[in-house]
Amino acid sequence: MRKKLRLSSLIVGDAQADRVVPPTGFTARLTLFAAGAMAFLTVFALALSLASGRLAARWGAELAQSSTLRISAPAEQVGAQTAAALAVLESTPGVASARALSAEEQRGLLAPWFGPDLPIDSLPIPQLVEIVETEEGYDAAGLRLRLQAEVPGAVLDDHTRWRRPLERAAERLRLLGLVSIGLIGAAMAAMITLAANAALAANSQVISVLRLIGAQDHYIASAFVRRFTLRALSGAFAGTAMGALAIYLLPSAQEDGGFLTGLGFEGAGWFSLFLIPLVAAVVAYFATGSAARRTLSELT
């Protein structure tokens, strides 16, 4: 029942109690600015965290069930070794399909580094074979032994050395985004606490008069809590809106743009932005309540 009363007093308020808290001034501007700025930064930290999670999932999905076989041999032996390698792969349990890449496909893979006019026919470029695994996968060690015996120029790359470091890097970026959100929340709580302490100290004489006429500390504290919570809510809402607009204006995700062009929200991720003002209000509620109780106890 007490929580319901506190919640109702936070929403409805008390016109007489609201006069205790200055509606304008340094503390009001500080609270609005702190909540807005921290909400703006939280939008980008949250976008970084979500984008890193998508990146880790995409890299894992693209590389987890695919492998590459590289055949390096004299030009007159490449065809025979490719055919032998495909025969080995077709008879290997766990291999769903295997095919040799065409010259055009290999030229497309090398184009980002050497340009589109690479004379691939005149260069000793190894033949690449794309391997698609089943869900169970294959025995990489056993396949390497068979290839070593039947196709001496074949080198199997199961992408493990590429996939794991990339996934770890993406997960660490995601963790960095979450840690940043926590630090932003802590900084906002500290700034709102300072603003609440300043407002309480500046109105110490008014608080003393209220006590003389019978006002309880809970009544006085609730006025400060309500005013600072609503200020944090409105400031965080404005900061979130500006951050969402900035994210929306970023370039859309492109294959040639890499990770930075995918820094944003997708689908239901946009709805997570509505949590930022609510979390800011909760932080302000508890920070102001703690500051009010401590300051009022010191003024007795």
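### Comments concerning the overall build of the protein
Working step 1: When its secondary structure is counted, the protein shows 10 helices and 4 strands.
Working step 2: For the protein, the α and β elements follow one another from N to C terminus as α-α-α-β-α-β-α-β-α-β-α-α-α-α.
Working step 3: For the protein, the residues scored as buried account for 39% of the 300 residues in total.
Working step 4: In the form shown here, the protein has an accessible surface area of approximately 17300 Å², with 65% of it arising from carbon and sulfur atoms.

### Regarding a nonpolar patch on the surface
Working step 1: On the surface, Leu175, Leu178, Val179 and Leu183 cluster together to form a nonpolar patch covering roughly 390 Å² of accessible area.
Working step 2: Counting through the fold element by element, Leu178 comes out in helix H7 (residues 160–202).
Working step 3: Given the relative accessible area of 47%, Leu178 is considered partly exposed.

### Quick look at the sheet that holds strand E1 (residues 66–71)
Backbone-to-backbone hydrogen bonds pair the strands of a sheet. The strands run either parallel or antiparallel.
Working step 1: Strand order in the open sheet made by the 4 strands is E2-E3-E1-E4, with antiparallel pairing throughout. Unpaired on one side and paired on the other, strand E2 (95–100) and strand E4 (154–157) mark the two borders of the sheet. The average undirected angle you get between the axes of adjacent strands in this sheet is 20°.
Working step 2: Where E2 lies against strand E3 (residues 127–133), 5 bridges are found, and the strand directions are antiparallel. Residue pairing in the sheet places Arg99 in a bridge with Glu130 of E3.

### Regarding the packing of aromatic side chains
Working step 1: Scanning the model with the defined rule gives 3 aromatic pairs in all.
Working step 2: Their ring planes at 55° and their centres at 5.2 Å tell us that Phe40 and Phe44 sit as a pair that is tilted. Taken together, the residues span about one helical turn, with Phe40 and Phe44 both in helix H3 (residues 26–64) at a distance of 4 residues.
Working step 3: Judged by relative accessible area, which is 30%, Phe40 ranks as partly exposed.
Working step 4: Judged by relative accessible area, Phe44 falls into the partly exposed class, the value being 28%.
Working step 5: Above the ring of Phe228, the side-chain terminus of Arg231 is found at 5.1 Å from the ring centroid.

### Details of the nonpolar core
Working step 1: Within the largest apolar cluster, 34 residues are counted, with the highest numbers of intra-cluster contacts made by Ile220, Phe224, Phe228 and Phe265.
Working step 2: Going through the elements one at a time, H3, H7, helix H8 (204–212), helix H9 (217–248) and helix H10 (275–298) are the ones with two or more residues in this core.
Working step 3: In contact with Phe265, other than residues within four places in its own chain, are Val43, Leu46, Ala47, Leu50, Arg54, Ile247, Trp270, Ser272 and Leu273.

### Topic: the pattern of salt bridges
Working step 1: Under the defined criterion, the tally for this structure stands at 2 salt bridges.
Working step 2: Across the pair Glu130 and Arg99 runs a salt bridge whose closest N-O atoms are separated by 3.1 Å. You can see Glu130 sitting in strand E3 and its partner Arg99 sitting in strand E2, a full 31 residues away along the chain.
Working step 3: Accessibility expressed as a relative area gives 37% for Arg99, which makes it partly exposed.
Working step 4: Overlapping salt bridges bring together Arg99, Glu105 and Glu130 as one network.

### Some points on helix H6 (residues 140–150)
Working step 1: Those residues of H6 not exposed but buried are Ala140, Leu143 and Leu147. Along the long axis of H6, the arc covered by the buried residues comes to 60°, so they all point the same way. In H6, the exposed residues that point more than 90 degrees away from the buried face are Leu145, Gln148 and Ala149.
Working step 2: At its buried positions, H6 is contacted by E1, helix H4 (75–90) and E4.

### Section: the packing of H9 against H10
The geometry of a pair of packed helices is captured by two quantities: the angle between their axes and the separation between those axes.
Working step 1: Relative orientation of the contacting elements H9 and H10 amounts to 150°, with a least axis distance of 8 Å. Taken together, the axes of H9 and H10 lie roughly antiparallel to each other. For the pair H9 and H10, the crossing hand works out as right-handed. For the pair formed by H9 and H10, the contact residues are Asp217, Ile220, Ala221, Phe224, Val225, Phe228, Thr229, Ala232, Leu233, Ala236, Phe237 and Thr240 on the first element and Ile276, Pro277, Leu278, Ala280, Ala281, Ala284, Tyr285, Thr288, Gly289, Ala292 and Leu296 on the second.

### Notes on the confidence of the model for the protein
Working step 1: In the predicted model, the protein carries a mean pLDDT of 77, and 79% of its residues have values of at least 70.
Working step 2: Here helix H1 (residues 2–12) is the element of the protein with the lowest mean pLDDT, 48, and H9 is the one with the highest, 86.
Working step 3: pLDDT under 50 marks residues 1–5. Its contacts with residues more than four places away, or in other chains, come to 0 contacts.
Working step 4: In this model, residues 255–261 is a region of pLDDT below 50 whose contacts with residues beyond four sequence positions or in other chains number 9 contacts.

### What about the environment of Ala232?
Working step 1: Of note, Ala232 is situated in helix H9.
Working step 2: Assessed through its relative accessible area of 0%, Ala232 is described here as buried.
Working step 3: Not counting the four nearest positions on each side in its chain, Ala232 is found in contact with Thr31, Ala35, Ile192, Ala280 and Ala284.

About the thresholds
- Residues numbered from 1 in each chain as written.
- Predicted model: local features only at pLDDT ≥ 70, side-chain atom pairs only at ≥ 80, totals over all residues.
- Heavy atoms only, no water.
- Helix = DSSP H or I, 4+ residues; strand = E, 2+ residues; numbered from the N terminus.
- Buried < 20%, exposed > 50% of the residue type's maximum accessible area, 1.4 Å probe, protein only.
- Areas by Shrake-Rupley, 256 points an atom, 1.4 Å probe, with all protein chains shown as cover.
- Patch = residues over 30% accessible without salt bridge, like charges linked within 9 Å, V, L, I, M, F, W, Y side chains within 5 Å.
- Salt bridge = Lys/Arg side-chain N within 4 Å of Asp/Glu carboxyl O.
- Pairing = 2+ DSSP bridges.
- Axes fitted to C-alpha atoms, helices over the stretch in contact; angles between N-to-C directions.
- Phe/Tyr/Trp six-rings, centres within 6.5 Å; stacked < 30°, edge-to-face > 60°.
- Lys NZ or Arg CZ within 6 Å of the ring centre and 35° of its normal.
- Core = buried A, V, L, I, M, F, W, Y, C linked by side-chain atoms within 4.5 Å.
- Contact = heavy atoms within 4.5 Å.
- Arc of directions from axis to C-beta.
- Parallel < 35°, antiparallel > 145°, perpendicular 65-115°, else oblique.
- Left-handed = near helix turned anticlockwise from the far one by under 90°.
- pLDDT = per-residue confidence, 0-100.

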